[in-house]
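# Remarks on the overall topology
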Amino acid sequence: MTAEANRSARSRSVGRLLLRAAVLTGAFLALVAFSVVLAKVTLTPSPASEDIVTSNLKPGQSLRQYAEDYTFLAACKQAGGNLLLGAPFGVLLPILVPRRRRMIRMTVLTVLVMAVVELAQGALVAGRAFDIDDVILNTTGALLGYALVGRRISHRYHALSDAPAAGEAAKPAPRGSARTAPAARKAAKPGAEPGSKAKAGAGVKPDSKAKTAAVPKAGNKAERGGRPEAAARRSASAQVARGRALFDRWRSRREASGEGSPAARRRGA
């Protein structure tokens with residue numbers, strides 16, 4: 001039975017390990033594919049916009065421009081595109097980063113990556129410029145992706161990765177182990193010392209003599225003082241009984257030999 005349980009536990013741990021590896025590999029490949037798409041979208045030159053696009057270092061300036069100068073569909077396309085570009089970060093990065101403070105780590109990594117992309121746009125790509133509002137929109141999209149999808153996926157993944165260690169830590173000790181056996185034997189010992197503390201029910205049956213025997217407390221001076229007197233009385237009564245038994249045996253032997261009979265007494269008289 002124990003061998004089968006160990007075999008099943010080993011197979012479950014191997015299955016968890018394979019599942020973790022599959023999820024981690026899938027998340028990494030998805031992040032690589034998203035990086036390729038992001039580079040293609042953001043680092044593609046746009047010569048037609050070279051004379052129009054300018055850098056923006058003031059948060060909110062481009063958003064106001066979307067609301068004032070763009071049509072509703074064009075503003076939704078521009079802002080929604082930036083939100084969608086940041087959403088995969090909120091879904092994939094929480095799986096790849098450690099569980100502790102994963103939202104903060106994800107946010108910081110998203111800000112750094114998008115800031116680098118915007119700097120590369122402004123320095124290397126024609127028709128594109130650095131825009132701080134794009135970084136803000138990308139980070140907002142990452143937070144939305146984390147709140148809607150990434151948080152649940154990462155929580156299940158990290159819970160799956162922590163499951164074997166928690167199961168081993170909560171494994172109960174077998175019955176009759178070396179740790180509990182001495183305490184049980186000490187509790188069941190009939191001649192236990194007065195000051196020893198034995199747990200109730202630790203290897204002692206309810207009808208056993210160890211439970212019904214009255215053990216005096218070590219701190220009771222009256223009982224400690226009464227023990228020698230009781231022992232002396234018991235020893236004296238035992239000696240008297242032993243003397244009576246010897247006298248009866250001696251008298252029975254005399255009667256058997258005829259020395260103590262009435263006829264022998266008359267002959268002696």
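Residues numbered from 1 in each chain as written. Predicted model: local features only at pLDDT ≥ 70, side-chain atom pairs only at ≥ 80, totals over all residues. Heavy atoms only, no water.

All right, on to the overall build of the chain then. Summing up its helical and strand segments, the chain has 9 helices and 0 strands in all. The linear arrangement of helices and strands in the chain, starting from the amino end, is α-α-α-α-α-α-α-α-α. Taking all 269 residues of the chain together, 19% fall into the buried category. When the accessible surface of the chain is totalled, it reaches about 19700 Å², and 61% of it is carbon and sulfur. (Helix = DSSP H or I, 4+ residues; strand = E, 2+ residues; numbered from the N terminus. Buried < 20%, exposed > 50% of the residue type's maximum accessible area, 1.4 Å probe, protein only. Areas by Shrake-Rupley, 256 points an atom, 1.4 Å probe, with all protein chains shown as cover.)

The next thing to look at is a nonpolar patch on the surface. On the surface, L24, F28, L29, V32, V36 and L96 cluster together to form a nonpolar patch covering roughly 520 Å² of accessible area. Top element by residues in the nonpolar patch is helix α1 (residues 2-42). It accounts for 5 residues. Relative to the assigned elements, V32 resides in helix α1. (Patch = residues over 30% accessible without salt bridge, like charges linked within 9 Å, V, L, I, M, F, W, Y side chains within 5 Å. Salt bridge = Lys/Arg side-chain N within 4 Å of Asp/Glu carboxyl O.)

Averaged over the chain, the pLDDT score is 74; the fraction of residues at 70 or greater is 69%. Within the model, pLDDT remains below 50 along residues 165-170, and this stretch shows 0 contacts once partners closer than five positions in the same chain are excluded. Every residue in residues 190-225 scores below 50 in pLDDT, and together they form 20 contacts with partners more than four places removed in sequence or on other chains. (pLDDT = per-residue confidence, 0-100. Contact = heavy atoms within 4.5 Å.)

Turning next to the packing of α1 against helix α3 (residues 72-96). Direction vectors running N to C along α1 and α3 enclose 155 degrees, while the axes themselves pass 10 Å from each other. Classified by the angle their axes make, α1 and α3 are roughly antiparallel. Crossing angle aside, the handedness with which α1 passes α3 is left-handed. Contact residues: V23, L24, A27, F28, A30, L31, F34, L38, V41 and T42 in α1; L85, P88, F89, L92, L93, I95 and L96 in α3. Looking at the contact of α1 with α3, its residues break down into 16 nonpolar, 1 polar and no charged. (Axes fitted to C-alpha atoms, helices over the stretch in contact; angles between N-to-C directions. Parallel < 35°, antiparallel > 145°, perpendicular 65-115°, else oblique. Left-handed = near helix turned anticlockwise from the far one by under 90°. Nonpolar A, V, L, I, M, F, W, Y, C, P; charged D, E, K, R; others polar.)

On to the packing of aromatic side chains. The geometry of an aromatic ring pair comes down to the distance between the two centres and the angle between the two planes. All chains considered together, the criterion is met by 3 aromatic pairs. Pairing F34 with F89 gives two aromatic rings, centres 5.1 Å apart and planes at 85 degrees, and the pair type is edge-to-face. Note that F34 is positioned in helix α1 and F89 in helix α3, a separation of 55 residues in sequence. With 5.3 Å between their ring centres and 75 degrees between their planes, Y66 and Y70 make a pair best called edge-to-face. (Phe/Tyr/Trp six-rings, centres within 6.5 Å; stacked < 30°, edge-to-face > 60°.)

One way to put it is that α3 packs onto helix α4 (residues 102-124) with a least axis distance of 9 Å and a crossing angle of 125 degrees. By the angle between their directions, the pair α3 and α4 is classed as oblique. Both α3 and α4 take part in a crossing whose hand is right-handed. Residue-level contacts link F89, G90, L93 and P94 of α3 to R102, M106, L109, T110, V113 and M114 of α4. Counted by class, the contact of α3 with α4 contains 7 nonpolar, 2 polar and 1 charged residues.

Okay, α4 next. Turn by turn, an α-helix covers 3.6 residues, leaving residues three or four places apart pointing in a common direction. An ideal rise of 1.5 Å per residue puts 33 Å on 23 residues; α4 measures up with 32 Å between its terminal C-alpha atoms. Within the span of α4, buried status applies to R102, M106, T110, M114, V117, E118 and Q121. (Expected span 1.5 Å × (residues − 1).)

Now for unusual backbone geometry. Trans peptide bonds make up the majority, and among non-glycine residues the majority have a negative phi. You will see that R101, though not glycine, has its phi angle at about 55 degrees, which is positive. You can see R101 is positioned in the loop between α3 and α4.

In this section: the pattern of salt bridges. For the coordinates displayed, the defined rule picks out 1 salt bridge. Among the salt bridges present, the one from D248 reaches R251, with a minimum N-O distance of 3.8 Å. Remark: R251 and D248 occur in helix α8 (residues 221-257); sequence separation between them is 3 residues, near one turn of the helix. Assessed through its relative accessible area of 39%, D248 is described here as partly exposed.

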